[in-house]
Amino acid sequence: MNEMQQPAVGTVGHASAPSNIALVKYWGKEPGARQMPTNSSLSMTLSDLRTYTRVEFCRGPRPGDAPDRAERLLDEMCPWQGYHFTYTTQNQFPTACGIASSASGFCALVGAVSDCLSLNESMSVEEHAEWCQHWCRLGSGSSIRSLYGGFVAWEAAVARRVESVVNLMHMVVVLDPFPKTVGSNAGHEGARTSPLHRIRQVDSQDTFARVEGALASNDLKTLTKLTEHEYLIMHAVMMTSKPPIDYMNSDCLRFCSEFAKWRDARSLSAMVTVDAGSNPCSSPNTKRRFVRFASVFPTFNSF
Ligand code: PMV
């Protein structure tokens, strides 16, 4: 990999990045390895739910003694002693309530640093993809999947696009816009304390392969069945962890069950999933084309 050129003080970088919703969920990390998932995951990119971020390269040590999570990552990303990056960021949607703001947030942060350092000029496409994947994964695991459009698989340290003709419209139902009290990092740590975790690990590898197959063959019935099984088993792991996590509260549960009844009564093609929060995402099938990035490599839209 080429040496990174130190930018002039005051150089800024901008990026925006989309959120994503996992059909096969990442829940649990390998012990002893940093941000290595215990299972492969697969998501759909939510191109219209975005984070917009600006970074600036500054002289001197970072002021203050309690850097936040993004600042800690920025400090790791800055190889030059006596300098730091500052950032400002804005989400278009509620933060920290299970709509994967950390995925779009960390992806946009990594994109903004890449823009500030003009890495797409100094690195090959492959080096740049590897650099982005590395830092996104360390920032927030699921953000590695926000680097690409359409459907994206993440296995160990690598993310890749999954080819599919499936077109899904996406809708977020905000039942609870308030920040969650247990962050996903603590949740990942606790996953191993659930007796269901090992079962889910085996199960989700199989689900991953079958979801990829369903996406390839446009088999929406199978995709719906697997996606809904997957969120339920992940929440079962959460609820049986020590201490238990109840993102799946009674409002959320009621919505999911009413949604399934409403859908089945009308024989609609639609599915529901719930991430680490209490806000369901439903995906009715639609003729509307799902917006995809044309590139198979990381793409950041400037704003
Ligand atoms: O990337 P993290 O550490 O915020 O974890 C995300 C976990 C889930 O959203 C529940 C599942 C997923 O794969 O996105």
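Up top is the structure.
Residues numbered from 1 in each chain as written. Predicted model: local features only at pLDDT ≥ 70, side-chain atom pairs only at ≥ 80, totals over all residues. Heavy atoms only, no water.

As a further point, take helix α2 (residues 101-116). With 16 residues, α2 ought to run about 22 Å at 1.5 Å a step, and its terminal C-alpha atoms sit 22 Å apart, in line with that. Here α2 lies mainly inside the structure; 14 of its 16 residues are buried. Directly after α2, the chain includes Ser118, whose backbone phi takes a positive value near 50 degrees. (Helix = DSSP H or I, 4+ residues; strand = E, 2+ residues; numbered from the N terminus. Expected span 1.5 Å × (residues − 1). Buried < 20%, exposed > 50% of the residue type's maximum accessible area, 1.4 Å probe, protein only.)

In this section: the site of the ligand. Among the 14 residues in the neighbourhood of the ligand, the closest are listed as Tyr26, Ser142, Arg145, Ser184 and Asp275. Here an oxygen atom of the ligand and a backbone polar atom of Tyr26 are 2.8 Å apart. Here an oxygen atom of the ligand and a side-chain polar atom of Ser184 are 2.8 Å apart. Burial of the ligand by the protein chains amounts to 96% of its free accessible area of 380 Å². By residue class, the composition of the shell around the ligand is five nonpolar, six polar and three charged. Taken together, domain 1 (12-162) and domain 2 (171-284) each give at least three residues to the shell around the ligand, which thus spans both. (Near = heavy atom within 4 Å. Polar contact = N/O pair within 3.5 Å; in protein donor to acceptor, adjacent residues only side chain to side chain. Areas by Shrake-Rupley, 256 points an atom, 1.4 Å probe, with all protein chains shown as cover. Nonpolar A, V, L, I, M, F, W, Y, C, P; charged D, E, K, R; others polar. Domains from an automatic or database assignment.)

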